[in-house]
Amino acid sequence: MTLNRRGALSAALATTLAATLPVRAFAQGGGGNWPSKPLRLIVPYPPGGSSDIIARSISQPLSEALGQSVIIDNRAGANGNLGADLLAKAPADGYTLMLCDLGALAISPSLYPKLPFDPSKDLRSVAMLAYSPHLLVVHPSVQASTLKELVDLSKKSDLNFAVTASGSTAHLAGIELQRKVGAKWEYVPYKGGVQAVLDTVSGQTQVLMNGMLATYPQVQAGKLKLIAVSKATRMPLIGNVPTIAEQGVPGYESGTWQGVVAARGTPDAVVARLNRELTRIIRTPDIRARLAGQGAEVVTMTAPEQDQFFAKERVRWAQVIQQANVRLD
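Residues numbered from 1 in each chain as written. Predicted model: local features only at pLDDT ≥ 70, side-chain atom pairs only at ≥ 80, totals over all residues. Heavy atoms only, no water.

Asker: Would you explain the overall build of the chain in this entry?
Answerer: In terms of regular secondary structure, the chain is built from 12 helices and 10 strands. Going through the 329 residues of the chain one by one, you find that 53% of them count as buried. Considering only contacts within the chain whose residues lie at least 6 apart along the sequence, 79% involve residues at least 24 apart. (Helix = DSSP H or I, 4+ residues; strand = E, 2+ residues; numbered from the N terminus. Buried < 20%, exposed > 50% of the residue type's maximum accessible area, 1.4 Å probe, protein only. Contact = heavy atoms within 4.5 Å.)

Written out as structure tokens, the structure reads:
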């Protein structure tokens, strides 16, 4: 009888442990046996841009941390909307993620009347990683070295302003600046920052506003002339370069914010695991130093903080879009 009771107790204990272990594994490991296969990290822009640079900086360390390959999938198109739509329609299992800036997440809802997804309903934040201010640059042949000189020149000469993508943060930042200083230039849209930079380097376009991370190397090489930086305060890397705010536009600030998002419905435990790993990786001294040397600052947020940030940015850029009467089909 004693043996039977012990057997019954052992069986009951085994059943309890079997029931609780998957829950513990889910909480500690990020969701059952997740990850048990490679992850896809969508970058909704061409290779070489700010988001792509960040993605390639974190992919290998993330792969090592999770024990699975992290495959970068560049899906350029429609200011990041193509990649965001792919993510919105992907299974919410943590195996498909996206790394991008504010375009598809905070600007597109106000810019595109027929957007096939709703970032506030179809996507969820995972982790904010970095911030790179915009650089206002010109081709070296442009006879201007300050914002005032550039504005004055724009009123008497034809200047083409390279746009990394119609409706991108850089595009709207340029529109906001133009309205505040009274500049006159024509916008030339591209499908990504890389080609916009290259065409400004070649002189096909004369003015460009783009993320520092992807633009500063051309400044260092003497192929672009730096007029101003869009950060609220000066960048240590280029401390001699005045901000746009210092050059007559008080309070002006813009830039690219790189964050990771997942499909809505992705388990909380998976998001928590990813946030923990990504935050640790981006803060490692080598990655932080490498990005700082290129003009990007490590800025991390929890998933709820990132959601709040995107919500505020949607309001800001919606106002710019409305005031400038910008609309894309």
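From this point, the discussion proceeds with the structure in view.
Asker: Mind showing me how you'd approach the packing of helix α2 (residues 50–66) against helix α11 (residues 285–292) here?
Answerer: The angle between the axes and the distance between the axes are what describe a pair of packed helices. The contact between α2 and α11 brings their axes to 11 Å, and the two run at 170 degrees. It follows that α2 is roughly antiparallel to α11 by the angle criterion. When α2 is examined against α11, the residues Ile-54, Ser-57 and Pro-61 are found in contact with a partner set consisting of Ile-287, Arg-290 and Leu-291. Each residue belonging to the contact of α2 with α11 can be placed in one class, and the counts come to 4 nonpolar, 1 polar and 1 charged. (Axes fitted to C-alpha atoms, helices over the stretch in contact; angles between N-to-C directions. Parallel < 35°, antiparallel > 145°, perpendicular 65-115°, else oblique. Nonpolar A, V, L, I, M, F, W, Y, C, P; charged D, E, K, R; others polar.)

Asker: It is not clear to me how the nonpolar core should be interpreted in this structure. Could you clarify?
Answerer: Inside soluble globular proteins, nonpolar side chains tend to come together where they are buried. Met-98, Leu-136, Leu-147, Leu-150, Leu-177, Met-209 and Ile-244 are the most contacted members of the largest nonpolar core, which totals 51 residues. Here this core gets 6 residues from one element, more than from any other, and that element is helix α4 (residues 102–111). Of all hydrophobic cores here, the second largest spans 31 residues; its members include Trp-34, Ala-130, Leu-213 and Val-298. (Core = buried A, V, L, I, M, F, W, Y, C linked by side-chain atoms within 4.5 Å.)

Asker: Please explain the pattern of salt bridges as it appears in this structure.
Answerer: Between side chains of opposite charge, a pair can form when the charged atoms approach closely. Under the definition given, this model contains 12 salt bridges. Asp-286 serves as the salt-bridge partner of Arg-290, at 3.9 Å between the closest nitrogen and oxygen. A residue pair is termed a helical-turn pair when its members lie 3 or 4 positions apart in one helix, as Arg-290 and Asp-286 do in helix α11 at 4 residues. Connected through salt bridges with shared partners, the residues Arg-40, Asp-73 and Arg-75 form a single ionic network. (Salt bridge = Lys/Arg side-chain N within 4 Å of Asp/Glu carboxyl O.)

Asker: How should I be thinking about the packing of aromatic side chains in this particular structure?
Answerer: Pairs of aromatic rings are described using the distance from one ring centre to the other and the angle between the two planes. Scanning the entire structure with this criterion turns up 6 aromatic pairs. Grouped by ring-pair contacts, the aromatic residues Tyr-131, Trp-257, Phe-309 and Phe-310 constitute a single cluster. A cation over a ring is seen here: Lys-37 above Tyr-95, with NZ or CZ 4.8 Å from the ring centre. (Phe/Tyr/Trp six-rings, centres within 6.5 Å; stacked < 30°, edge-to-face > 60°. Lys NZ or Arg CZ within 6 Å of the ring centre and 35° of its normal.)

Asker: I would appreciate a short explanation of the pairing of strand β2 (residues 70–74) in the present structure.
Answerer: Within a regular strand, side chains alternate between the sheet's two faces. For strand β1 (residues 39–43) and β2, the ladder comprises 5 bridges, and the chain directions are parallel. Looking across to β2, one finds that Arg-40 is bridged to Ile-71. Regarding topology, α2 serves as the crossover connection from β1 to the parallel β2, and that connection is right-handed. (Pairing = 2+ DSSP bridges. Right-handed = clockwise from strand over helix to strand, strands pointing away.)

Asker: It is not clear to me how the packing of α4 against helix α12 (residues 303–324) should be interpreted in this structure. Could you clarify?
Answerer: Put simply, α4 and α12 touch, their axes get as near as 8 Å, and they point 45 degrees apart. With respect to α12, the element α4 is oriented oblique. Considering how the two elements wind past one another, α4 and α12 form a crossing that is right-handed. For the pair formed by α4 and α12, the contact residues are Leu-102, Leu-105, Ala-106, Ile-107, Ser-110 and Leu-111 on the first element and Phe-309, Phe-310, Glu-313, Arg-314, Trp-317, Ala-318 and Ile-321 on the second. For the contact of α4 with α12, the per-class residue count stands at 10 nonpolar, 1 polar and 2 charged. (Left-handed = near helix turned anticlockwise from the far one by under 90°.)

Asker: Just to check I follow, could you spell out the pairing of strand β8 (residues 225–229) for this structure?
Answerer: Most of β8 sits out of view: 4 of its 5 residues are buried. The sheet contact formed by strand β4 (residues 123–138) and β8 spans 4 bridges and is antiparallel. Looking across to β8, one finds that Val-137 is bridged to Leu-226.

Asker: When you look at the environment of Ala-292 in this model, what are you seeing that I'm missing?
Answerer: Locating Ala-292 in the fold gives a position in helix α11. Residue class for Ala-292 comes out partly exposed when judged on its relative accessible area of 38%. When the C-alpha positions of Ala-292 and Met-235 are compared, they lie 9.8 Å apart, and in sequence the two are 57 residues distant.

Asker: I'm lost on the environment of Leu-105 in this one. Help?
Answerer: Tracing the sequence through the fold places Leu-105 in helix α4. Considering only alpha carbons, one finds Leu-105 and Asn-81, 24 residues apart in sequence, at a separation of 8.6 Å. Among residues more than four places away in sequence, those in contact with Leu-105 are Met-98, Cys-100, Pro-119, Leu-123, Val-261, Phe-310 and Arg-314.

Asker: What is the right way to look at the environment of Ser-69 in this model?
Answerer: Tracing the chain through its elements places Ser-69 in the loop between α2 and β2. Between the C-alpha atoms of Ser-69 and Ser-59, which are 10 residues apart in sequence, the distance is 8.3 Å. If we ignore the near neighbours within four places in the chain, the residues touching Ser-69 are Pro-38, Leu-39 and Ser-63.

Asker: I tried to follow α4 on my own but got confused; where do I start?
Answerer: Owing to its 3.6 residues per turn, the α-helix aligns residues three or four sequence positions apart on the same side. Within α4, 8 of the 10 residues are buried, leaving the element largely enclosed by the surrounding structure. Two or three places before Gly-103, at the start of α4, stands the capping residue Asp-101, its side-chain oxygen 3.1 Å from that residue's backbone nitrogen. (Polar contact = N/O pair within 3.5 Å; in protein donor to acceptor, adjacent residues only side chain to side chain.)

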